[in-house]
Amino acid sequence: MMNYFELYNLPEQFVIDLIKLKEHYQTLQKLTHPDRFASASEQQKRLYLTKNSQVNDAYSVLKSPVLRGEHLLIVRGVELPSEQDTVGDVEFLMEQMEWRESLDDASTEEALEKLVTDNFNILVTQEKVICELLSHNTDENNQAAAQELAKMKFMIKLANEIETKLDRITDS
Amino acid sequence: MALLQIAEPGQSAAPHERKIGIGIDLGTTNSLVSAVKSGQCVTLADEYERHLLPSVVHYSEASIDVGYHARDNSNADPANTIMSVKRFMGRSLADVTTHWDQLPYHFVADSVSPRFITPMGELNPVQISSHILSALKTRAEARMGDEITGAVITVPAYFDDAQRQGTKDAAQLAGLKVLRLLNEPTAAAIAYGLDSKEEGVIAVYDLGGGTFDVSILRLNKGVFEVLATGGNSALGGDDFDHLLASHLARQLGLDAVTEKLNHRRLMNAGKEVKEALSNADTSLVSIKLEGGEQSTEVSVQLNQLNQMINDLVKQTISTCKRAVKDARVSLEEVNNVILVGGSTRVPLVRQQVETFFKKAPLTSIDPDKVVAIGAGIQADILVGNKPDSDMLLLDVLPLSLGIETMGGLVEKIIPRNTTIPVAKAQEFTTFKDGQTAMLVHVLQGERELVDHCRSLAKFTLKGIPAMTAGAAHIRVTFQVDADGLLNVTAMEKSSGVQAEIQVKPSYGLEEAEILDMLQSSMQNAKQDMQERMLKEQQVDASRVLEAMHGALAEDGEELLSDNERKAIDHALKSLGLCAANNDIDAIKQAIDVVDKLSQDFAARRMDKSIQKALAGHSVDDI
């Protein structure tokens, strides 16, 4: 497993400098993009194709809070819980079911917009909690962060579903 | 820029030796070729000063005729005059005939991939496209007075893997080295972006003869990033012609049989009307029917045309809407709209685009030439004529890649709009004791069911070590390169055994077929070929030698142990000796040896240059 923080020369922590991330992304692109090696040897082409693929994947991971959090845990040697483990949390499960019902019931643009806002606010809170947990590299915190990240993924999935429904309504 | 030159030392071989890179817009209706001349990228004309080359090929027993002559005489021999072959690229015959049911060609029956029966024998779309590319290559060689080093060929952004691979295969058949496949809208942005140094979000609306594409791009510090693409590879100005042709047939009171008989005449008349109505409110066209004594005049009003094409134009606008959404930008952020393709001269198209984007589109570069010009600029950079160029083009995967799972469902492996190149690994396991082979079905598309996506290929993994069910962990890596082409490799994790992969493309051609076609096309020029291959190998060898010597002088001491250094020096010496002789295989082998021995060294150099660049430097310093 490659350490993406290392590749981007960024500190191994949840809070990263997003401007620096973008700058380093551009630098890395300029150094490794296959177009720079269109006339180079096959060996160089292969080498840089692999590296550039990592640069791209790393960027998509590092710029997303959820993926960055998960990657940080992997780098710290924490095993991420499977989906079933999260579903074990009864309270969270109930909340999810309520969200599903609200999504099914929402039939107007206003109702869906409200869900978008509510969902967004929860995501912001979740990110804060995760940020706090990950700022200390202890077993306990890492485990809790892993759980919270899994929950955040549910909320993001939900956000996408709300968006899709909103699209359908506004398009028609 | 010094750092970049360290990374690719092969480029500075001889500073005064200019290489020729050409840009090719391989269009459905027309094609163009361009190159940089005295610092300016221009499209290259034929001996009659015509820049466009109609993408029409006529086959007779004696000759292959490409371009105007073939197009203008299409009425005489429609069955052997292949038009819009691009629509067939990487498609099944059924795919094409569902959209266009009145094609005058003869196809080989019982063949999934379309094969045209011509006086030159059975030909597939790749071969026919290669004949168009050959004509462009010949034109470029004549105009530039030298050999062509390589070409950038444009494809619609919406082209899937099979269509891109087909285009690349066609170029190979035509004897062209493909430097890069470039999305057409992106090429247009290059043509404009470099001229005006724009920054911000750009929408490229490209309505060609046979395809529609829209791309949303972001330009920032010389970096083009494609945020989203959308389009329809079966919608274009030809469809306007079709609608006009049907309208004319109705006006003339033709029955279905007569209409079919006069298909080409009506289409040509429709095209004439469309072009006339770009600058006028009324068009009068005279049509002479097959076997008819005299011609009849029909008048068409602009608002009639507008009514006919309104639905089609609306379709393109909703595609724009979706692309803007996919790009996660607001309409207000789009600060430039570029029009590409001859069909954007149609007034209703311009109006609707302007209304939707709320700004007047850019039209200062000829919409027919803009794509070719962008491709030519990129080609000039890729052959190494501009080592100081800052331009870098980032592209995205146009359609999601996935694999078939239980119950005919598709599991996405790489979602669309992911920046490429990209590699994703997926793990599989066996479900029977002792299972040694496995089938992976790769699909492309956004839907959940296998039947609703396009089948790309079936990969058979062989040589998996026999174990109990579920014990083998096969890691399959899906690598998409900068051209958007997929390559699959597989490895069993516990044993490290590399699985052998057999690719069976669902459409298009297998590797062996391409090789066969290459060989048969070269048989006549075998002697020539040998000489050329030897020359190429020798050039390769001297390039490797020069690059390695440069690299060793730079980093040899720091990054290599004494033994490693000795081994590389020895291999370089052998290569030098081989290169002076005429044994092609020996040179090739010697290059391979150097390659193998220097692999780690090259990787270390790469990592060193990356670390150096990121340590305390901002992007502007590089």
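Residues numbered from 1 in each chain as written. Chains lettered and ligands numbered in written order. Predicted model: local features only at pLDDT ≥ 70, side-chain atom pairs only at ≥ 80, totals over all residues. Heavy atoms only, no water.

Caption draft 1: Molecular detail of the overall build of chain A. Within chain A, the secondary structure is distributed over 8 helices and 0 strands. Its C-alpha atoms give chain A a radius of gyration of 20 Å, clearly above 16 Å, the size a compact globule of 172 residues would have. Across the 172 residues in chain A, those meeting the buried criterion constitute 45%. The contacts in chain A between residues at least 6 apart in sequence include a share of 67% that link residues at least 24 apart. For chain A, the exposed surface amounts to about 9000 Å²; the carbon and sulfur share of it is 53%. Each charge sign in chain A was given a centre, from 18 positive and 31 negative side chains, and these centres are 10 Å apart. (Helix = DSSP H or I, 4+ residues; strand = E, 2+ residues; numbered from the N terminus. Rg over C-alpha atoms; globule rule 2.2 N^0.38 Å. Buried < 20%, exposed > 50% of the residue type's maximum accessible area, 1.4 Å probe, protein only. Contact = heavy atoms within 4.5 Å. Areas by Shrake-Rupley, 256 points an atom, 1.4 Å probe, with all protein chains shown as cover. Lys, Arg positive; Asp, Glu negative; His and termini not counted. Charge placed at Lys NZ, Arg CZ, Asp CG, Glu CD.)

Caption draft 2: Local environment of the overall build of chain B. Along chain B, the regular secondary structure elements total 16 helices and 27 strands. Its C-alpha atoms give chain B principal-axis dimensions of roughly 90 × 65 × 55 Å. Taking all 622 residues of chain B together, 52% fall into the buried category. Partitioning the intrachain contacts of chain B with sequence separation of at least 6 by distance along the chain shows that 67% fall at a separation of at least 24. Just so you have it, chain B exposes about 28100 Å², and 49% of that area is on carbon and sulfur atoms. Computing the positive centroid from 61 side-chain charges and the negative centroid from 84, chain B places the two 2 Å apart.

Caption draft 3: Representation of helix 10 (residues 302–326) of chain B in the model. Residue and element names in this part refer to chain B. If you check helix 10, its first and last C-alpha atoms are 34 Å apart, about what 25 residues at 1.5 Å a residue would give, namely 36 Å. Along its length, helix 10 shows its largest kink, about 55 degrees, at I309. Where helix 10 terminates, the next one or two residues include R328, which has phi positive at roughly 55 degrees. (Expected span 1.5 Å × (residues − 1). Bend = angle between axes of the 7 residues up to and from the residue.)

Caption draft 4: Geometry of the pairing of strand 15 (residues 282–287) of chain B. Residue and element names in this part refer to chain B. Across the two faces of strand 15 the burial differs, with S283, V285 and I287 buried and T282, L284 and S286 not buried at all. Pairing geometry for strand 15 and strand 16 (residues 296–301), over 6 bridges, is antiparallel. Paired with S283 across the strands is V300, a residue of strand 16. (Pairing = 2+ DSSP bridges.)

Caption draft 5: Fine view of the packing of aromatic side chains. All names here are of chain A. Scanning the entire structure with this criterion turns up 11 aromatic pairs over all chains. On the numbers, 3.9 Å between centres and 20 degrees between planes, the contact of F37 with Y48 is stacked. Note that F37 is positioned in the loop between helix 2 (18–32) and helix 3 (42–62) and Y48 in helix 3, a separation of 11 residues in sequence. The exposure class of Y48 is buried, given its relative accessible area of 3%. (Phe/Tyr/Trp six-rings, centres within 6.5 Å; stacked < 30°, edge-to-face > 60°.)

Caption draft 6: Summary view of the sheet that holds strand 7 (residues 81–83) of chain B. Residues and elements named next belong to chain B. Pairing in this open sheet of 3 strands is antiparallel, and the strands run 6-5-7 from one edge to the other. Of all strands in the sheet, those bounded by a partner on one side alone are strand 6 (64–66) and strand 7. Neighbouring strand axes in the sheet, compared pairwise and without regard to direction, differ in orientation by 20 degrees on average. The pairing of strand 5 (residues 56–59) with strand 6 spans 3 bridges and is antiparallel. If you follow H58 over to strand 6, its bridge partner there is D65. Contacting strand 5, strand 6 and strand 7, helix 4 (residues 125–144) runs over the sheet at an angle of about 110 degrees to strand 5. (Axes fitted to C-alpha atoms, helices over the stretch in contact; angles between N-to-C directions.)

Caption draft 7: Spotlight on the interface of chain B and chain A. Contacts between chain B and chain A engage 48 residues on the former and 36 residues on the latter. Taken over both partners, the interface formed by chain B and chain A buries close to 3800 Å², and the fraction arising from carbon and sulfur atoms is 55%. The interface formed by chain B and chain A includes 3 salt bridges. A salt bridge links K51(A) to D607(B), with the shortest nitrogen-to-oxygen separation between them at 3.4 Å. At the boundary of chain B and chain A, one finds 8 residue pairs in polar contact (both at pLDDT 80 or more). The element contributing the most residues to the side of chain B that touches chain A is helix 16 (residues 584–614) of chain B, with 11 residues. Each residue belonging to the side of chain B that touches chain A can be placed in one class, and the counts come to 24 nonpolar, 11 polar and 13 charged. (Buried area = accessible area lost by both parts, 1.4 Å probe. Salt bridge = Lys/Arg side-chain N within 4 Å of Asp/Glu carboxyl O. Polar contact = N/O pair within 3.5 Å; in protein donor to acceptor, adjacent residues only side chain to side chain. Nonpolar A, V, L, I, M, F, W, Y, C, P; charged D, E, K, R; others polar.)

Caption draft 8: Here's a closer look at the nonpolar core. Residue and element names in this part refer to chain A. With 48 residues, the main nonpolar core has Y8, L21, L62, L112, L115, L134 and I162 as its most contacted residues. Of all the elements, helix 8 (residues 139–171) adds the most residues to this core, at 8 residues. Sequence-distant contacts of I162, defined by excluding residues within four places in its chain, comprise W99, L103, L112, L115, V116 and N119. (Core = buried A, V, L, I, M, F, W, Y, C linked by side-chain atoms within 4.5 Å.)

Caption draft 9: Broad picture of helix 12 (residues 370–382) of chain B. Residue and element names in this part refer to chain B. Across its 13 residues, helix 12 extends 19 Å between first and last C-alpha, which sits within 8% of the 18 Å expected from 1.5 Å per residue. Counting buried positions along helix 12 yields 13 of 13 residues, so the element is predominantly enclosed. Just beyond helix 12, the residue with positive phi is G384, at close to 95 degrees.

Caption draft 10: View of a negative patch on the surface. Residues and elements named next belong to chain A. Taken together, the side chains of E91, E95, E98, E101, D104 and D105 define an acidic patch exposed on the protein surface. Note on placement: E95 falls in helix 6 (residues 90–105). Classification of E95 by relative accessible area gives partly exposed; the value is 38%. (Patch = residues over 30% accessible without salt bridge, like charges linked within 9 Å, V, L, I, M, F, W, Y side chains within 5 Å.)

Caption draft 11: Local environment of the packing of helix 10 of chain B against helix 11 (residues 347–357) of chain B. Residues and elements named next belong to chain B. Packing of helix 10 against helix 11 leaves a shortest axis separation of 9 Å and a crossing angle of 35 degrees. Every pair of crossing elements has a handedness; the one defined by helix 10 and helix 11 is right-handed. Across the interface between the two elements, L302, N306, I309, N310, V313, I317, C320, K321 and V324 of helix 10 pack against P347, L348, V349, Q352, V353, F356 and F357 of helix 11. In terms of residue class, the contact of helix 10 with helix 11 is built from 12 nonpolar, 3 polar and 1 charged. (Left-handed = near helix turned anticlockwise from the far one by under 90°.)

Caption draft 12: Representation of a nonpolar patch on the surface within the structure. Together, V90(A), L93(A), M94(A) and M97(A) give the surface a local cluster of nonpolar side chains, amounting to about 380 Å² of exposed area. With respect to the secondary-structure elements, M97(A) resides in helix 6.

Caption draft 13: Up close: the environment of T489(B). Residue and element names in this part refer to chain B. Along the polypeptide, T489 turns up in strand 26 (residues 486–492). Of the residues examined, T489 reaches a relative accessible area of 37% and is grouped as partly exposed. Sequence separation between T489 and Q479 is 10 residues; the distance between their C-alpha atoms is 8.1 Å. Among residues more than four places away in sequence, those in contact with T489 are R475, V476, T477, Q498 and I501.

Caption draft 14: Broad picture of the packing of helix 7 (residues 237–252) of chain B against helix 10 of chain B. All names here are of chain B. Two elements in contact, helix 7 and helix 10, have axes separated by 10 Å at closest approach and are oriented at 140 degrees. One way to sum up the angle between helix 7 and helix 10 is to call them oblique. Here the hand of the crossing between helix 7 and helix 10 comes out right-handed. Within the contact between the two elements, helix 7 uses D239, F240, L243, L244 and H247 and helix 10 uses Q304, L305, M308, I309, L312 and V313. (Parallel < 35°, antiparallel > 145°, perpendicular 65-115°, else oblique.)

Caption draft 15: The side chain of Q479(B), seen in detail. Turning to its location among the elements, Q479(B) is positioned in strand 25 (residues 473–480). Of the polar contacts made by the side chain of Q479(B), one reaches the side chain of S53(A); its length is 2.9 Å. Those residues in contact with Q479(B), other than ones at most four positions away along the chain, are L49(A), S53(A), P421(B), V422(B), A423(B), L485(B), L486(B) and N487(B).

Caption draft 16: Geometry of the pairing of strand 18 (residues 392–396) of chain B. All names here are of chain B. Counting buried positions along strand 18 gives 5 out of 5 residues, so the element sits mostly inside the fold. In strand 18, alternate side chains face the same way, and those of L392, L394 and V396 on one face and L393 and D395 on the other are all buried. In this structure, strand 18 lies alongside strand 21 (residues 419–420), joined through 2 bridges in antiparallel fashion. Paired with D395 across the two strands is I420, which belongs to strand 21.

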